[in-house]
Amino acid sequence: MKKTVFLGALTIAGLAAGAAAAGTLDDVKARGTLNCGVTTGLVGFAAPDSNGEWNGFDVSVCRAVAAAALGDPTAVEFVPTTGKTRFTALASGEIDMLARNTTWTFSRDVDLKFEFVGINYYDGQGFMVPRDLGVSSAKELDGATVCIQTGTTTELNLADFFRANNISYEPVPIETNAEAQQQYLAGACDVYTTDASGLAATRATFENPGDHVLLPEIISKEPLGPLVRHGDNEWADIVRWTLNALITAEELGVTSTNIAELAAGTNNPEINRLLGTEGTLGEMLGLDAEWSKRAIMSGGNYGEIFAKHIGESTPIGLARGLNAQWTDGGLLYSPPFR
């Protein structure tokens with residue numbers, strides 16, 4: 001579920017420069033809604049329910065930003081994007097931010113002129129196969145047909161892995177996760193490869209998830225996170241520190257259930273600064289004092305969001321792993337609210 005490479009880099013960079021000339025926060029406030037780019041549908045991360053309401057891990061980040069900037073977590077227009085269309089949508093100004101399990105890479109940051117504001121999920125590319133294929137390692141996939149999304153770094157990682165292990169494969173190109181799922185279940189490909197979190201989310205929707213195996217190999221680093229256009233540092237700060245607020249809230253024990261009590265004031269100065277009862281952090285962002293309180297209340301802290309949408313008690317069943325707080329042996333770490 002990743003990553004367009006260099007396609008149209010100069011065009012995208014030009015679009016981004018123009019779109020960032022005006023202040024995004026001003027545009028969002030004038031419009032009254034946040035336009036947030038998401039995937040076309042990946043259960044647990046971003047998908048509409050039967051009533052058309054979007055839910056998921058990435059969706060929660062969009063809602064938190066809307067709560068911080070507009071005071072309303074529902075003031076979001078979700079714009080589905082594919083691996084090919086997502087960067088053009090951001091560069092052109094069609095969307096204000098992209099929260100679509102997208103990998104932070106050098107070329108996207110520098111050449112495509114985007115700004116990744118942080119990492120909300122540490123991931124890696126994996127492989128899913130039918131259990132009856134009888135393989136236990138990706139190194140046993142010589143000659144396999146592989147469903148792979150076009151316009152993504154997944155293609156490059158796959159080619160590198162098979163070449164390094166001196167085995168061959170036949171790619172079956174697809175554009176969306178829904179198409180990949182359909183092709184894979186129909187037997188058009190032996191293997192589906194994408195981010196391991198995406199594989200777990202996809203498998204959870206199968207009628208018989210136990211008939212499919214996630215192989216042990218993780219063949220890449222995929223730091224996923226929200227991004228905005230270069231050239232609008234004020235807006236980047238708002239999105240970045242909204243994500244940091246969700247992470248810090250978990251670290252400090254601020255939850256959706258106790259936040260009202262804690263917002264009355266505590267003996268912990270950082271909690272007070274986070275929730276706006278002390279200091280002027282909101283003013284520094286061009287927002288009011290309660291911006292982060294609203295962001296946290298919109299869906300809970302990072303841990304609550306993770307547990308609700310993709311955690312071990314959900315059908316997706318992802319353990320925190322690298323996405324645990326740094327205090328629990330993970331990589332999740334926010335700069336201080338000071």
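Residues numbered from 1 in each chain as written. Predicted model: local features only at pLDDT ≥ 70, side-chain atom pairs only at ≥ 80, totals over all residues. Heavy atoms only, no water.

## Some thoughts on empty space enclosed by the protein
As a reminder, the rule being used: Within this scheme a cavity is a closed region of a 1 Å grid, computed over the protein atoms alone, that accommodates a 1.4 Å probe without allowing it to escape, whereas a pocket is open but has protein on both sides within 12 Å along at least five of seven lines; lining residues each have an atom within 4 Å of a point. Grid points are joined across faces, edges and corners, and a volume is the space filled by probe spheres set on the points. In this text, helices come from DSSP runs of H or I with a minimum length of four residues, and strands from runs of E with a minimum of two, each type numbered from the N-terminal end. Nonpolar residues are Ala, Val, Leu, Ile, Met, Phe, Trp, Tyr, Cys and Pro. Charged residues are Asp, Glu, Lys and Arg, and all others, Gly as well, are polar.
In this structure the tally under the stated criterion is one cavity of 30 Å³ or more. Approximately 40 Å³ is the volume found for the largest cavity. In terms of lining, the largest cavity is formed by Phe57, Ser60, Val61, Asn120, Leu246, Tyr302 and Ile305. Going through the elements one at a time, helix H3 (57-70) and helix H14 (302-309) are the ones with two or more residues in the lining of the largest cavity. It is H3 that provides the largest number of residues to the lining of the largest cavity, a total of three residues. In terms of residue class, the lining of the largest cavity is built from five nonpolar, two polar and no charged.

## Considering the confidence of the model for the chain
Our working definition: In predicted models, pLDDT denotes the confidence assigned by the predictor to each residue on a 0 to 100 scale. Whether two residues are in contact is decided by their heavy atoms: any pair within 4.5 Å suffices.
Across the chain, pLDDT averages 93, with 93% of residues at or above 70. Low confidence marks residues 1-7, where pLDDT is under 50. Its contacts with residues over four positions away, or in another chain, come to 52 contacts.

## Re the environment of Pro209
Threshold: Throughout this description, buried means an accessible area under 20% of the type-specific maximum (1.4 Å probe, protein chains only), exposed means over 50%, and partly exposed covers the range between.
In this structure, Pro209 sits in the loop between helix H8 (196-204) and strand E12 (212-214). A relative accessible area of 31% means that Pro209 is categorised as partly exposed. On a C-alpha basis, the gap between Pro209 and Ala89 in space is 34 Å, while along the polypeptide they are 120 residues apart. Excluding its chain neighbours within four sequence positions, the residues that come into contact with Pro209 are Arg203 and Ala204.

## Notes on the layout of surface pockets
Computed from the structure, the largest pocket encloses a volume of approximately 170 Å³. Looking at the lining of the largest pocket, the elements that each hand over two or more residues are helix H9 (233-252) and helix H12 (281-285). Considering each element in turn, the lining of the largest pocket owes the most residues, three residues, to H12. Residues belonging to the lining of the largest pocket are distributed by class as follows: seven nonpolar, no polar and two charged.

## Some remarks on the pattern of salt bridges
This is how it is decided: For this document, the term salt bridge refers to a Lys or Arg side-chain nitrogen within 4 Å of an Asp or Glu carboxyl oxygen.
Following the criterion strictly, the structure yields six salt bridges and no others. Residues Asp96 and Arg31 are paired through a salt bridge, measuring 2.8 Å at the closest nitrogen-oxygen approach. One end of the pair, Asp96, is in the loop between helix H4 (86-92) and strand E5 (97-98); the other, Arg31, is in helix H2 (residues 24-31), with 65 residues separating them in the sequence. What makes Arg31 partly exposed here is its relative accessible area of 35%. Between Glu290 and Lys293 there is a salt bridge, with its nearest N and O atoms 3.9 Å apart. Residue Glu290 is classed as partly exposed on the basis of its relative accessible area of 40%. Residue classification places Lys293 among the buried residues on the basis of a relative accessible area of 17%. Each of Glu115, Asp237 and Arg240 takes part in a single network of salt bridges with overlapping partners.

## Quick word on unusual backbone geometry
Of note in this structure, Asn101 is not a glycine but carries a positive phi near 20 degrees. On the secondary structure map, Asn101 appears in the loop between E5 and helix H5 (106-110). Looking at Asn101, the relative accessible area reads 3%, which means it is buried. Positive phi, normally seen in glycine, also occurs at Asn166, with a value near 55 degrees. On the accessibility criterion, Asn166 (70% relative accessible area) is exposed.

## Some points on the state of the cysteines
So the rule is basically this: Note on disulfides: each one is a pair of cysteine sulfur atoms within 2.5 Å.
On inspection of all chains with the given rule, the structure shows two disulfides. The disulfide bridge from Cys36 ends at Cys62, spanning 2.1 Å between sulfur atoms. An S-S torsion of about -60 degrees defines the bridge between Cys36 and Cys62 as left-handed. In this pair, Cys36 is assigned in strand E1 (residues 34-39) and Cys62 in helix H3, connecting sequence segments 26 residues apart. Of the two residues, Cys36 and Cys62, both sit in the buried class. Each sulfur of the disulfide joining Cys147 and Cys189 lies 2.1 Å from the other. Between Cys147 and Cys189, the S-S dihedral sits near -100 degrees, and the bridge is therefore left-handed.

## A few points about the sheet that holds strand E11 (residues 191-195)
Worth spelling out the cut-off: At least two bridges found by DSSP between two strands are what make those strands a pair. Here an angle of 0 to 180 degrees is reported between the N-to-C directions of two axes, which are lines fitted to C-alpha atoms, with helices fitted over the stretch in contact.
An order of E10-E9-E11-E8-E12 is seen for the five strands of this open sheet, with the pairing classed as mixed. Every other strand in the sheet has two partners, leaving strand E10 (169-174) and E12 as the edge strands with one partner each. For this sheet, the mean angle separating the axes of adjacent strands, direction not counted, is 30 degrees. Across four bridges, strand E8 (residues 125-130) lies against E11 in antiparallel orientation. Paired with Phe127 across the bridge in E11 is Thr193. Sheet strands in contact with helix H6 (residues 153-164) are E8, strand E9 (144-149), E10 and E11, and its direction is about 75 degrees off that of E8. Sitting on the sheet, helix H7 (residues 177-185) is in contact with E8, E9, E10, E11 and E12, with an inclination near 135 degrees to E10.

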